[in-house]
Amino acid sequence: MKVERANGKITPKGWLKELLKRDAKGITGNLDKLCADAGSDIFGPEKVVHKEKDYWSSWWTGETRGNWMEAFIRLSFVTGDDELIARSREMVDSMLSHQDKDGYLGIYVPNERYKITKRFGELWTQSRAMRSLLCYYDYTGEERVLSALIRMADNILDNVKSSVFEIPDEDGSKGHSLMIIDGLARMFDLTGNQKYCDFCEWMYADYCAHASQFIQDDLRTGNVLDPSIPFVGHGPHTCEMLRLPLLLHEMTGKEEYLLAFRCGEQKLKKNLALSGSCKSDEFIGTYQSELVMESNSRTGAFGGCVPMPSTAYEYCTTTELAIDYLEAERIFGDLSYADKLEWLVYNSALASKHPSGKMIQYLGADNMYDASHAVNPRFDYSPTHDDAAVCCAPNACKVFPAFTEFAFVEREDTLIANLYLPLNYEFEANGEKMNIEVKTEYPFKLSATFNVRGKGSFKFALRIPAYAKRFEVKCKRGGYTIKDNLLSFDEAVKGGESITVEFFPEVEMLRAPDGTFALGYGTLLFSKEIAAVCRKHRKYEGPNGFFDCDFIPKEHEDWNDTLLVCGYSPVSAKIEYSEKEGYPLDEGNGPVLTVKALDRYAYPVDLKLRPIGATTLRRTTFPIFEDKENIYKIK
């Protein structure tokens, strides 16, 4: 049974408010001033001609601008910031005022549109604009926006009638074209017009029928259904395409699409880092040799890979995977996807995001010993990464606003606390205005209190995370039932009530493919922070405080530790919380997990670990030693 994002108004509080505030002052609020591509009104008056230079084509500007607009619009409305909302409205006004009479809304000037070549960026960039407008429409309900979206969608269908994929894709733009299904599926939902569904099926069939030069064939039916063919493609392509058969299944009810999604899920599991993201140092697969990519690049050039703890994951991949989980939870009504989503967001997404909100890593890793452009220009911390590609920066900005939107979901007539976030939630129940104040420091402390205000009543349920070995609920009311990790109260909740839930997990040992182990507690993965020196190697013009920065270990830093275990449980594991108030990812704040370990000299030490998202340089996985002979006499 489906769940839908609840329609009430969210007002972030606590650490969440601070994170989103830093984003507004950081990359999300300033990318258009830091990067010409993000600042270009390419969907408005600054349309372009199709140009190519090496592997760069003019569609890149449309991707950057479109992805940033979606992130900015989401942040604007999630925070309720009037200034940001006004800027969002200006961007939308410009797009709509420059929509052509025939409905075209894209990046190209007349006579340059819908030219299907080896670098066809039309549908990809239109998909970015469509997602931005749909997001704005969801928050405002403005009919002018829906009307523009219908005209835009109809113009696409009128102009794309021959194969998109028959000419092999050279740079990934045509593969990205498939993501127009993302927007058109929503248009089908909004309008019920069957032609949108039919076009989506045709597009997917066309993709499945033609091999690509660029490595993006993982979701072609012949590949995804074959268990002997691993995922090897460009990580962002594979993870964004993963949800398309799921959307096609939702639209059509056809089991063939559901099977493709389920097979893709199984293959994805083999490529997930411990922190949750998909291995993707551009590609999921690994180079089998230094072969030049050929017309059929799957032959010989790439093979299956193992997500070792020092291999990288791309931020675009993390973002697309988060959207996959949101869609899967919505369509299946399966709240276990919220467990996957939390783990991904609180670990991989935060691990590659600087707590200031002003820098991200294009490529991150669970074990990160050197985050400098000398190693790879994608490993340093930057607000743009324009020395590589400005794709990950705007995509990183989407994660927390989209995540926050799903704090509450609805199943039929029941409101479900889905993600435990500090916020106020305003909604209506039986015609009465209601408010839920959620007081929590989750995931840094594993409890939450729901203070309900208003004259109405409503059915209410809590998602019980899979990690919770036990939990306690405190409230002055009747009983509850539990089914499929959903705690449903037997009686309607009324204004004036207060409900507290606390979760009690155990410290878990998580095995990496190389035989080393990491430690998790609740929905957080913990790491040894490596003290780092920050070296600024580029200052940005415009807004103050934006730099490209290298982080390298301080001199004499040592991370050569071995976990002491007993029966594959960490010895003397203890979780402690900082008495200091403030943002939990800042230095000295947040939880600390202490366990016994051996240092490089084999002396027993207290190894103090912080959440991976609170670190820049870190070691997350360690070898283990089981002291069966009690040499160290540690209990």
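Position numbers for residues start from 1 in each chain and track the written sequence from start to end. pLDDT decides what is reported in this predicted model: residues at 70 or higher carry local features, side-chain atom pairs at 80 or more are listed and counted, and totals for whole chains, interfaces and linings draw on all residues regardless. Each side-chain value is worked out from all heavy atoms of the structure, with water and hydrogens disregarded.

Whenever I open this one, the overall build of the chain confuses me. Can you help?
A tally of regular secondary structure across the chain gives 18 helices and 33 strands. The C-alpha extent of the chain, read off along each of the three principal axes, is 80 × 65 × 50 Å. Residues counted as buried form 60% of the 635 residues belonging to the chain. Contacts between residues were defined by any pair of non-hydrogen atoms, one from each residue, lying within 4.5 Å. Taking contacts inside the chain between residues at least 6 apart in sequence as the whole, the part at least 24 apart equals 69%. Using a 1.4 Å probe, accessible areas were evaluated by the Shrake-Rupley method; residue-level cover was limited to the displayed protein chains. Counting every atom, the chain has about 25000 Å² of accessible surface; 49% of that belongs to carbon and sulfur. Residues counted as positive are Lys and Arg, residues counted as negative are Asp and Glu, and His and the chain ends are not counted. Note that the charge is assigned to NZ on lysines, CZ on arginines, CG on aspartates and CD on glutamates. For the chain, the centre of its 77 positive side-chain charges and the centre of its 95 negative side-chain charges are spaced 3 Å apart. Numbering of helices and strands starts at the N terminus; helices are DSSP runs of H or I of at least 4 residues and strands are runs of E of at least 2. The classification of residues rests on relative accessible area computed with a 1.4 Å probe and restricted to protein chains. Under 20% of the type maximum is buried, over 50% is exposed, and intermediate values are partly exposed.

Just checking my understanding: could you explain the environment of leucine 421 for this structure?
Inspection of the secondary structure puts leucine 421 in the loop between strand 12 (414-417) and strand 13 (423-429). With 188 residues separating them in the primary sequence, leucine 421 and leucine 609 have C-alpha atoms 23 Å apart.

How do you make sense of the state of the cysteines when you look at a structure like this?
Disulfides are covalent bonds that connect the sulfur atoms of two cysteines. Two cysteine sulfur atoms form a disulfide, by the criterion used here, when they sit within 2.5 Å. Taken as a whole and assessed by the stated rule, the structure comprises zero disulfides. Looking at cysteine 200, it has no disulfide partner, and the nearest cysteine sulfur is the one in cysteine 197, 6.7 Å off. Given a relative accessible area of 0%, cysteine 200 falls into the buried group.

Could you clarify how one ought to interpret the pattern of salt bridges in this entry?
By salt bridge we mean one thing: a side-chain nitrogen of Lys or Arg within 4 Å of a carboxyl oxygen of Asp or Glu. Under the counting rule described, the total for this entry stands at 47 salt bridges. Lysine 574 is the salt-bridge partner of glutamate 576, the closest N and O atoms lying 3.8 Å from each other. Looking at glutamate 576, the relative accessible area reads 35%, which means it is partly exposed. One connected set of salt bridges, linked through shared partners, spans Arg5, Glu70, Arg74, Arg131, Asp182, Arg243, Glu320, Asp324, Lys398 and Glu405.

Sorry if this is basic, but what is going on with unusual backbone geometry here?
When glycine is set aside, most residues are seen to have a negative phi, and most peptide bonds are trans. Geometrically, the link from tyrosine 442 to proline 443 is a cis peptide bond, its omega value of 10° lying close to zero. One can find proline 443 in the loop between strand 14 (432-440) and strand 15 (447-454). Look at alanine 602: it is not a glycine, yet its phi comes out positive at around 70°. By secondary structure assignment, the location of alanine 602 is in the loop between strand 30 (591-598) and strand 31 (604-611).

Got a minute to help me understand helix 15 (residues 315-332) in this structure?
Since the α-helix turns once every 3.6 residues, residues separated by three or four places project in the same direction. What a helix is expected to span follows from its residue count: subtract one and scale by 1.5 Å. When the terminal C-alpha atoms of helix 15 are compared, their 26 Å separation across 18 residues agrees well with the 26 Å that a helix rising 1.5 Å per residue should span. The element helix 15 is largely enclosed, with a buried count of 18 among its 18 residues. Where helix 15 terminates, the next one or two residues include glycine 333, which has phi positive at roughly 70°.

Which parts of the structure should I look at to understand the packing of helix 10 (residues 194-209) against helix 13 (residues 244-252)?
Between two packed helices, the angle of one axis relative to the other and the distance separating the axes together describe the packing. Working convention: axes come from line fits to C-alpha atoms, limited for helices to the stretch in contact. Angles between N-to-C directions cover 0 to 180 degrees. For the pair helix 10 and helix 13, the least separation of the axes is 10 Å and the interaxial angle reads 145°. Once helix 10 is placed against helix 13, the crossing between them reads as left-handed. On helix 13, the residues that touch Cys197, Cys200, Glu201 and Tyr204 of helix 10 are Pro245, Leu248, Met251 and Thr252. Under the convention adopted here, Pro, Cys and the residues Ala, Val, Leu, Ile, Met, Phe, Trp and Tyr are nonpolar, Asp, Glu, Lys and Arg are charged, and Gly plus all remaining residues are polar. Of the residues that constitute the contact of helix 10 with helix 13, the class distribution is six nonpolar, one polar and one charged. Crossings are assigned a handedness: left-handed for a near helix turned anticlockwise from the far helix by less than a right angle, right-handed for a clockwise turn.

Help me out: how do you make sense of the packing of aromatic side chains in this one?
For any pair of aromatic rings, geometry is given as the distance between the ring centres together with the angle between the planes. Two aromatic rings, drawn from Phe, Tyr or Trp (for Trp, its six-membered ring), form a pair once their centres lie within 6.5 Å of each other, and the interplanar angle then sorts them: stacked below 30 degrees, edge-to-face above 60, tilted otherwise. Counting across every chain of the model gives 35 aromatic pairs. With centroids separated by 6.4 Å and ring planes inclined at 75°, the aromatic side chains of tyrosine 442 and phenylalanine 503 adopt a geometry described as edge-to-face. With tyrosine 442 in the loop between strand 14 and strand 15 and phenylalanine 503 in strand 21 (residues 498-504), this residue pair connects regions lying 61 residues apart in the sequence. A relative accessible area of 0% means that tyrosine 442 is categorised as buried. Among the residues examined, phenylalanine 503 registers a relative accessible area of 3% and is labelled buried. Ring plane angle 75° and centroid distance 5.7 Å describe the contact between phenylalanine 458 and phenylalanine 460, whose orientation is recorded as edge-to-face. Assessed through its relative accessible area of 1%, phenylalanine 460 is described here as buried. Among the aromatic side chains, those forming a connected cluster through ring pairs are Phe408, Tyr420, Tyr425, Phe427, Tyr442, Phe450, Phe458, Phe460, Tyr467, Tyr480, Phe489 and Phe503. A cation over an aromatic ring shows up here: arginine 470 above the ring of phenylalanine 504, its NZ or CZ 4.1 Å from the ring centre. A ring has a charge above it when a Lys NZ or an Arg CZ is no more than 6 Å from the ring centre and no more than 35 degrees off the ring normal.

Can you help me understand the sheet that holds strand 21 in this one?
Either a parallel or an antiparallel arrangement is found when strands of a sheet pair, and the pairing is made through backbone hydrogen bonds. Criterion used throughout: strands pair if DSSP finds at least two bridges between them. Sheet architecture is open: six strands sit in the order 2-13-14-15-21-17, paired in antiparallel fashion. Strand pairing shows two members of the sheet lacking a second neighbour, strand 2 (9-12) and strand 17 (470-474), which therefore form its edges. Sheet twist, expressed as the average angle between the axes of neighbouring strands with direction ignored, equals 15°. In the sheet, strand 13 pairs with strand 14 via seven bridges, with the strands oriented antiparallel.

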